[in-house]
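# Working through the structure, step by step
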Amino acid sequence: MKVAIVGASGGIGQPLSLLMKLDPLVTELSLYDVRSAPGVAQDLSHISTNSVCQGFEKEEIAKALQGAHVVIVPAGVPRKPGMTRDDLFKINASIVKGIVTSMGQYAPQARLLIISNPVNSTVPIAVETLKSMGKLQPGNVMGVTTLDCVRAETFLAEYLGRDKSECNKDVSVIGGHSGNTIVPVLLNSTLREKLKPYYQEFVHRVQFGGDEVVKAKAGAGSATLSMAFAGYRFANSILRSLSGEKVSGVPTFVYLSGINGGPEVKSKLGNVEYFSLPVFLSNGTVSKVDLSILSSLSSQEKELVKDSVRQLASNIEKGKKFALGAK
Ligand code: NAD
Ligand code: LMR
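Quick caveat: nothing in here was measured; it's all calculated off a predicted structure. (Residues numbered from 1 in each chain as written. Chains lettered and ligands numbered in written order. Predicted model: local features only at pLDDT ≥ 70, side-chain atom pairs only at ≥ 80, totals over all residues. Heavy atoms only, no water.)

Quick look at the pattern of salt bridges now. Overall, the coordinates contain 17 salt bridges when judged by the stated rule. A salt bridge links Lys-63 to Glu-60; the shortest N-O distance between them is 3.9 Å. Put simply, Lys-164 and Glu-158 hold a salt bridge, and the shortest N to O gap is 3.0 Å. Under the relative-accessibility criterion, Glu-158 is labelled partly exposed at 45%. (Salt bridge = Lys/Arg side-chain N within 4 Å of Asp/Glu carboxyl O. Buried < 20%, exposed > 50% of the residue type's maximum accessible area, 1.4 Å probe, protein only.)

Structure below.
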């Protein structure tokens, strides 16, 4: 399978490209960036795994995207201390719109995985851009929220002294990808009881884990290595699904209209148009959202979902307006 990474020379792009080079499901790895991607690709091409790796830059995006099954986008500027993800909108909105326009032209069939922030707005930008080109397949556009799940698993394991590699069965994360829009959900009522003394702290760390990294990096950017791990984990689910495996329970931020189960989520949550929920994947596409998580929420989780939906509405509207209005 051909995987294209757009923004491949960056802090996330490079380690993510390395992880994709190690994945036996990838036969062709295509790296694109406005700078330095041929160098990154040359370096990776010496690794003795069987995929072919090529780099493209500047006006070569068509070659980079053509024939891609999966396009992963970690292009755009990261935060500095004191900034919110929404502060990145001014620069990243146009970057994402430009890349998605190219994708609509050269790889309209590809599964599109968006990492660039603010995800709550860049995914609506991607959807509206493809819609206006007549190229939208709603199940193919996915906002990557896996880092929130990875953090929730890690922090939960740390609070409860459990095995980190087992915690993906204990917790999921729904909602959006910024501050209060992020909603960790415990999947097991016994753990809920055990976590009680640390619950507020746990929720805060999951919602503001990105800020911990931005602060510690002190101006040198945001999470890159943990994001590469999370981006790889999500992309690998898509590749496994593309190769015929049944994959489910993977949360991603999706456009609910046009996806099975989406309209039910919309009416249940007060008409929110995009939401991250565990999904069923089929042939690398979101075939259905898994509603079941919404029926087992605790009263605290229900309150968090309400806050999330309230804030998401304005993030989504901002992305939609930009896609429809900006050149
Ligand atoms: P970075 O600055 O290190 O890398 C970004 C790369 O994008 C650079 O190499 C740059 O040249 C490239 N780029 C810029 N415009 C481009 C274009 N039009 N086409 C192709 N490439 C282009 O930044 P980073 O730390 O890798 O972060 C990238 C983005 O990912 C940021 O917006 C950041 O906020 C976001 N992010 C999201 C998550 C998440 O959970 N979804 C996690 C971490 C970071
Ligand atoms: C994260 O959650 O680490 C990313 O969204 C980057 C950021 O700006 O915090």
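Once that is clear, we can look at the state of the cysteines. Working definition: the covalent bond between the sulfur atoms of two cysteines is a disulfide. Counting across every chain of the model gives zero disulfides. Here Cys-149 stays unpaired: no disulfide links it, and the sulfur of Cys-167, its closest cysteine neighbor, is 13 Å away. Owing to a relative accessible area of 5%, Cys-149 belongs among the buried residues under this scheme. (Disulfide = S-S within 2.5 Å.)

What follows covers the packing of aromatic side chains. Under the counting rule described, the total for this entry stands at five aromatic pairs. Members of the aromatic cluster, each reached through a chain of ring pairs, are Tyr-159, Tyr-198 and Phe-202. Sitting above the plane of the Phe-89 ring, Lys-318 keeps its charged end 4.7 Å from the centroid. (Phe/Tyr/Trp six-rings, centres within 6.5 Å; stacked < 30°, edge-to-face > 60°. Lys NZ or Arg CZ within 6 Å of the ring centre and 35° of its normal.)

A word on the site of ligand 1. Around ligand 1, the structure places 30 residues, and the nearest of them are Gly-11, Ile-12, Asp-33, Val-77 and Asn-117. Contact distances for ligand 1 include 2.9 Å between an oxygen atom and a side-chain N or O atom of Asn-117. For ligand 1, whose unbound accessible area comes to 860 Å², protein coverage reaches 88%. Every element with two or more residues in the shell around ligand 1 is listed here: strand 2 (28–33) and helix 4 (89–106). For the shell around ligand 1, the leading source of residues is helix 4, giving three residues. Tallied by class, the residues present in the shell around ligand 1 amount to 17 nonpolar, 11 polar and two charged. (Near = heavy atom within 4 Å. Polar contact = N/O pair within 3.5 Å; in protein donor to acceptor, adjacent residues only side chain to side chain. Areas by Shrake-Rupley, 256 points an atom, 1.4 Å probe, with all protein chains shown as cover. Helix = DSSP H or I, 4+ residues; strand = E, 2+ residues; numbered from the N terminus. Nonpolar A, V, L, I, M, F, W, Y, C, P; charged D, E, K, R; others polar.)

The subject of this paragraph is the site of ligand 2. Near ligand 2, the surroundings consist of Arg-79, Arg-85, Asn-117, Leu-147, Arg-151, His-177, Gly-210, Ser-222 and Ala-223. Contact between ligand 2 and Arg-79: an oxygen atom at 2.6 Å from a side-chain N or O atom of the residue. A distance of 2.7 Å separates an oxygen atom of ligand 2 from a polar atom in the side chain of Arg-151. Isolated, ligand 2 exposes 260 Å² of accessible area, and the fraction of that covered by the protein chains is 96%.

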